[in-house]
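Listed below, chain by chain, are the residues.
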Amino acid sequence: MNTIDNNEFMILNSIIYKIHTNPDFAAMRKELLEQLKMIIDFDSAEFHLSRGDGSISLDSGISYNSNASLDYSKAYEHIDYSQGILGTGSSMVYRETDLMPDEKRVQTEYYKSIYEVNNWHYSLQLVLSYDKRFLGVITFYKNKGKEDFKYADIFKIQLIENHLAYRINKEQEAASKNKDKVSVEEAVEQFGLTKKESDILDLLVKGYSNKEICDKMVISSNTVKKHILNIYRKLNIKNRVQLLCMVKEP
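Rules and cut-offs
- Residues numbered from 1 in each chain as written.
- Predicted model: local features only at pLDDT ≥ 70, side-chain atom pairs only at ≥ 80, totals over all residues.
- Heavy atoms only, no water.
- Axes fitted to C-alpha atoms, helices over the stretch in contact; angles between N-to-C directions.
- Helix = DSSP H or I, 4+ residues; strand = E, 2+ residues; numbered from the N terminus.
- Parallel < 35°, antiparallel > 145°, perpendicular 65-115°, else oblique.
- Left-handed = near helix turned anticlockwise from the far one by under 90°.
- Contact = heavy atoms within 4.5 Å.
- Nonpolar A, V, L, I, M, F, W, Y, C, P; charged D, E, K, R; others polar.
- Expected span 1.5 Å × (residues − 1).
- Buried < 20%, exposed > 50% of the residue type's maximum accessible area, 1.4 Å probe, protein only.
- Arc of directions from axis to C-beta.
- Polar contact = N/O pair within 3.5 Å; in protein donor to acceptor, adjacent residues only side chain to side chain.
- Core = buried A, V, L, I, M, F, W, Y, C linked by side-chain atoms within 4.5 Å.
- Salt bridge = Lys/Arg side-chain N within 4 Å of Asp/Glu carboxyl O.

Peer 1: Describe the packing of helix α10 (residues 195-205) against helix α11 (residues 210-217), naming the residues involved and giving the relevant values.
Peer 2: If you want to describe how two helices pack, look at the angle between their axes and the distance between the axes. Put simply, α10 and α11 touch, their axes get as near as 10 Å, and they point 130 degrees apart. Between α10 and α11, the angle is such that the two are oblique. Remark: the crossing between α10 and α11 carries right-handed chirality. Between α10 and α11, the residues in contact are Lys 196, Asp 199, Ile 200, Leu 203 and Leu 204 and Ile 213, Lys 216 and Met 217, respectively. For the contact of α10 with α11, the class distribution of residues is five nonpolar, no polar and three charged.

Here you go:
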């Protein structure tokens, strides 16, 4: 039976909390690897995301204590014997040695190209999917001379996989919605907004109310309303909902 002690529980609880609450997505991913190091023995780690287009191709990566190129996953996709797992549409945690006997694995081109050159031997993979869509993968590596990952390590990772998949899916959904939006700076240039209108537009997309804008800019309510109406007219929209669908938050 897999169990965790009180200290590990507290660390996992903190990790899950930060997965959902850290507004800086890249910082969350980096901190995640650092915190997992406190409860799982690994020497290096790579956290790659999918391109968000439904394919299993990997895009942006964040590493922990790794000298490997973050683009290696693209260069060696064709020889990675675990590629088929990424397309299953399911989240899962597994050890590399669960896929292939160690004596056979060390003879593969992938092992020699990735593991050998980085002094790695064992690895633990977390494949992340949401609603049958591949989202990304985290790989934890152990240097040569160390023992393989334990089933207890798999259990710990399983406790966070759904939380992490949910957060990545939300980030990719938001990125997709923002894809066709313009920035505040682009809106200012494209629609010829004045400096005052630019400042108010920036506050509007950040969620400030009319009263908060009055207080922050030290202007009257009527003046704020006048500027907002001018912004709506120039952008050819009628309300704040349409504004938020058109201009992305900074």
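Peer 1: Would you mind going over helix α2 (residues 25-36) in detail, with residue names and values included?
Peer 2: With twelve residues, α2 should reach 16 Å at 1.5 Å per residue; the first-to-last C-alpha distance of 17 Å fits that figure. Residues of α2 that are buried: Phe 25, Met 28, Arg 29, Leu 32, Leu 33, Gln 35 and Leu 36. Viewed end-on, α2 has its buried residues packed into an arc of 165 degrees, placing them on one side of the element. Of the residues that open α2, the one with a side-chain oxygen 3.3 Å from the backbone nitrogen of Ala 26 is Asp 24.

Peer 1: How would you summarise the side chain of Ser 50 if you had to cite specific residues and measurements?
Peer 2: Checked against the element boundaries, Ser 50 lands in strand β1 (residues 44-50). Classification of Ser 50 by relative accessible area gives buried; the value is 6%. Looking at Ser 50, its side chain comes within polar contact range of the main-chain oxygen of Phe 134, at 3.3 Å. A polar contact of 3.3 Å, which involves the side chain of Ser 50, links it to the side chain of Gln 172.

Peer 1: Describe the nonpolar core, naming the residues involved and giving the relevant values.
Peer 2: Membership of the largest hydrophobic core comes to 31 residues, with the highest contact counts inside it found for Leu 32, Leu 36, Phe 47, Phe 140 and Leu 164. No other element matches the six residues that helix α8 (residues 151-178) contributes to this core. Those residues in contact with Leu 32 that lie beyond four places of it in its chain are Ile 15, Ile 19, Phe 47, Ile 138, Ile 160 and Leu 164. Val 182, Ile 219, Ile 231 and Leu 243 belong to the second-largest nonpolar core, a separate cluster that totals 22 residues.

Peer 1: So what's going on with the side chain of Thr 139? Residues and values would help.
Peer 2: Position of Thr 139 relative to the elements: it lies in strand β5 (residues 133-143). For Thr 139, a relative accessible area of 5% corresponds to the buried category. Within polar-contact distance, the side chain of Thr 139 engages the side chain of Gln 125 at 2.7 Å. Among residues more than four places away in sequence, those in contact with Thr 139 are Ser 44, Ala 45, Glu 46, Ser 123, Leu 124 and Gln 125.

Peer 1: Outline helix α9 (residues 184-191), supporting the account with residue identities and numerical values.
Peer 2: Along α9, the positions that sit buried rather than exposed are Val 184, Ala 187 and Val 188. Looking straight down α9, one finds that the buried residues subtend no more than 100 degrees of arc, so they occupy a single side. Away from its buried face by more than 90 degrees, α9 exposes Glu 185, Glu 189 and Gln 190. Contacts made by the buried residues of α9 are with α10. Of the residues trailing α9, Gly 192 is marked for its positive phi of about 65 degrees.

Peer 1: A description of the pattern of salt bridges should follow, citing residues and the corresponding values.
Peer 2: Tallied over the full model, the rule gives 17 salt bridges. Close ionic contact of Arg 95 with Asp 98 constitutes a salt bridge, the shortest N to O distance being 3.2 Å. Lys 206 is the partner of Asp 202 in a salt bridge, and the nearest nitrogen-oxygen pair spans 3.0 Å. One connected set of salt bridges, linked through shared partners, spans Lys 37, Asp 41, Asp 43, Lys 142 and Lys 146.

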